[in-house]
Amino acid sequence: MLAPEVPMSHSVAGEPPSAGRRAAPLTTAVYSAAEWDLLTGLPGRVLVAAATPAPGRPARGVVAGLAGLDAVAAGRASDSDLVRAVVAAIYARHDGAPAPAGRLTDLVDLLAACRASVRVLRRRADPADSAAYRQWVQSVAARVCRVTVGGVPAPADVPTAPADRRFLDRLCGALDLG
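Notes on the structure follow. (Residues numbered from 1 in each chain as written. Predicted model: local features only at pLDDT ≥ 70, side-chain atom pairs only at ≥ 80, totals over all residues. Heavy atoms only, no water.)

## Digging into helix 4 (residues 107–124)
- Here helix 4 is 18 residues long and its end C-alpha atoms lie 25 Å apart, about the 26 Å a rise of 1.5 Å per residue gives.
- Those residues of helix 4 lying buried are Leu110, Leu111, Ala113, Cys114, Ala116, Ser117, Val118, Val120 and Leu121.
- The inward-facing, buried residues of helix 4 abut strand 2 (30–32), helix 1 (33–51), helix 3 (81–92), helix 5 (127–145) and helix 6 (162–174). (Helix = DSSP H or I, 4+ residues; strand = E, 2+ residues; numbered from the N terminus. Expected span 1.5 Å × (residues − 1). Buried < 20%, exposed > 50% of the residue type's maximum accessible area, 1.4 Å probe, protein only. Contact = heavy atoms within 4.5 Å.)

Structure representation (structure tokens):
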């Protein structure tokens, strides 16, 4: 269970960062429990929304979910202390603690959560950590959207379906990625 506030100066387990990675500055922001729940819950919400069929967006099946989980796990190798800490917190939820409450697939709610996360990151995160987190969350959706109806990732040179492109564009806008 997370304490009411989570300091970001060391990894979640308290060890110093891995060799070759910079230590978080001593002034790294502290997140409230609600802010931390928002940041740690958003990648899963994005994964579910990206995998959920919608008009013009087909059901992708288990392979898409696995692609999204792989994208979440890829955050373990991030240069960002924040992204690594969020991934560690996601994996630490094995104790039966529920994910943060909220409707998982409602696009309006998801985009609002993305905008709220951006506001939290602007107030509390190092700009590099903020950018890395937002790009990582978007990469989760992008990886899911690359999975075809047949369950195979589309080649990089094949454009995504128009409905998927609109979903990804709206997500990028809500994450303030330009």
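Okay, back to it.
## Focus: the side chain of Ser130
- The residue Ser130 is located in helix 5 in this model.
- With relative accessibility at 7%, the residue Ser130 sits in the buried group.
- Setting aside its immediate chain neighbours within four residues, Ser130 contacts Leu121 and Ala125.

## Describing the side chain of Asp164
- Tracing the sequence through the fold places Asp164 in helix 6.
- Each residue touching Asp164, except ones within four places of it in the same chain, is listed here: Arg57, Arg60 and Cys145.

## Considering the pattern of salt bridges
- Inspection of every chain in the model, using the stated rule, returns seven salt bridges.
- Of the charged contacts in the structure, one is a salt bridge between Arg165 and Asp169, with a shortest N-O distance of 3.1 Å. Of this pair, Arg165 and Asp169 are both found in helix 6, four residues apart, which corresponds to roughly one turn of the helix.
- Among the residues examined, Arg165 registers a relative accessible area of 37% and is labelled partly exposed.
- On the accessibility criterion, Asp169 (43% relative accessible area) is partly exposed.
- Here the salt bridges share partners, and the residues they tie into one network are Glu35, Arg123 and Arg124. (Salt bridge = Lys/Arg side-chain N within 4 Å of Asp/Glu carboxyl O.)

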